[in-house]
Amino acid sequence: MRRPLRRRPTAAGSAARAPDPRARLLAVAIALAGCGGSSFDGTVYRSADVAFRVPPAPAGWKQIGVSDAAVAYRDEANGATIALNGRCRNEEDIPLVSLTNHLFLHFTEREVLKQEVVPFDGREAMHTVMSAKLDGVPKVFDIWVLKKNGCVYDMLLIADPARYAAGEPAFTRMVRGFSTLPTDGD
């Protein structure tokens, strides 16, 4: 999750002209090569190098596709997004606080409201609540960053400041139910 989350384009937003079927096949092949054929069945996410389990989506939250997230949900009623991601790039030597700060390089007016290291899934995780602006728009972020077995897992709640409290219980339930899993290759 190196860049701000952006919704993936939908068919409604694409050009009216149908794409060349060969181009579509090539795009699918590139996508599968890049993500290792990832899958998500509603509770278990698996890719070539990362696997994790989460509880089912909270009531009222809908799964969405966004950039730089393995799994994401949106609560339109409360203007909140949950994003979950994992990556394995030998980042074990990078401190948790640095991994957390790296998620917010493009944000301004960052203010850490809470930050703690807590036991999580057999390791330590950095839990941070931060207010920040992206393109002048204020948001509250509830972030969990976990390093385990050579991988880094990011769990974020992104909410409008006035409605953060409405989305926080669903996110906490999602985080508390999160666990890493061995990949098929393990």
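Residues numbered from 1 in each chain as written. Predicted model: local features only at pLDDT ≥ 70, side-chain atom pairs only at ≥ 80, totals over all residues. Heavy atoms only, no water.

1. Looking at the nonpolar core
One broad trend across soluble globular proteins is that nonpolar side chains are buried collectively. Counting residues in hydrophobic clusters, the biggest one holds 28 residues, and the most contacted among them are Phe52, Ile82, Leu84, Phe120, Trp144, Met155 and Phe178. Secondary structure elements with two or more residues in this core: strand S5 (71-75), strand S6 (80-87), strand S7 (108-120), strand S8 (123-134), strand S9 (137-148), strand S10 (151-159) and helix H3 (164-176). (Core = buried A, V, L, I, M, F, W, Y, C linked by side-chain atoms within 4.5 Å. Buried < 20%, exposed > 50% of the residue type's maximum accessible area, 1.4 Å probe, protein only. Helix = DSSP H or I, 4+ residues; strand = E, 2+ residues; numbered from the N terminus.)

2. Remarks on the environment of valine 44
Following the sequence through the fold, valine 44 ends up in strand S2 (residues 44-46). The buried category is assigned to valine 44, whose relative accessible area is 11%. Note: C-alpha distance between valine 44 and threonine 180 (136 residues apart in sequence) is 9.5 Å. Those residues in contact with valine 44, other than ones at most four positions away along the chain, are Ser39, Phe52, Arg53 and Leu181. (Contact = heavy atoms within 4.5 Å.)

3. Thoughts on the pairing of S6
The element S6 is extensively covered by neighbouring structure, given that 8 of its 8 residues are classed as buried. Residues Ala80, Ile82, Leu84 and Gly86 line one face of S6 and the alternating positions Thr81, Ala83, Asn85 and Arg87 line the opposite face, and both faces are buried. Where S5 and S6 come together, 5 bridges link them in antiparallel fashion. Its bridge partner lying in S6, tyrosine 73 is registered against isoleucine 82. Linking S5 to S6, which pair antiparallel, is a turn of 4 residues; within it glycine 79 sits at a positive phi near 60 degrees. Relative to S10, S6 runs antiparallel, the two being bridged by 8 bridges. Across the sheet, leucine 84 pairs through a bridge with methionine 155, a residue of S10. (Pairing = 2+ DSSP bridges.)

4. Brief notes about the sheet that holds S10
Pairing in this open sheet of 7 strands is antiparallel, and the strands run S4-S5-S6-S10-S9-S8-S7 from one edge to the other. A single partner strand is all that each edge strand has here, and the edge strands are strand S4 (62-64) and S7. Across this sheet, the average inter-strand angle for adjacent strands is 20 degrees, counted without regard to direction. Seen against the sheet, H3 touches S5, S6, S7, S8, S9 and S10 and runs at an angle of roughly 160 degrees to S10. (Axes fitted to C-alpha atoms, helices over the stretch in contact; angles between N-to-C directions.)

5. Overview of the pairing of S8
Among the 12 residues that make up S8, 9 are buried, leaving the element largely enclosed by the rest of the structure. What sits between S7 and S8 in their antiparallel hairpin is a turn of 2 residues, with aspartate 121 showing a positive phi close to 50 degrees. Sheet topology places S8 next to S9; 10 bridges connect them, and they run antiparallel. Note that in S9 the partner of alanine 125 across the bridge is leucine 146. Adjacent in sequence and paired antiparallel, S8 and S9 are bridged by 2 residues, among which aspartate 135 carries a positive phi angle near 55 degrees.

6. So, the sheet that holds S2
Spatially, 4 strands are ordered S1-S2-S3-S11 in an open sheet, and the strand pairing comes out antiparallel. Of all strands in the sheet, those with a lone pairing partner are strand S1 (39-40) and strand S11 (179-180), marking the two edges. As judged from the 2 bridges shared by strand S3 (residues 51-53) and S11, these two strands associate in the antiparallel manner. Following the sheet pairing, phenylalanine 52 is matched in S11 by threonine 180.

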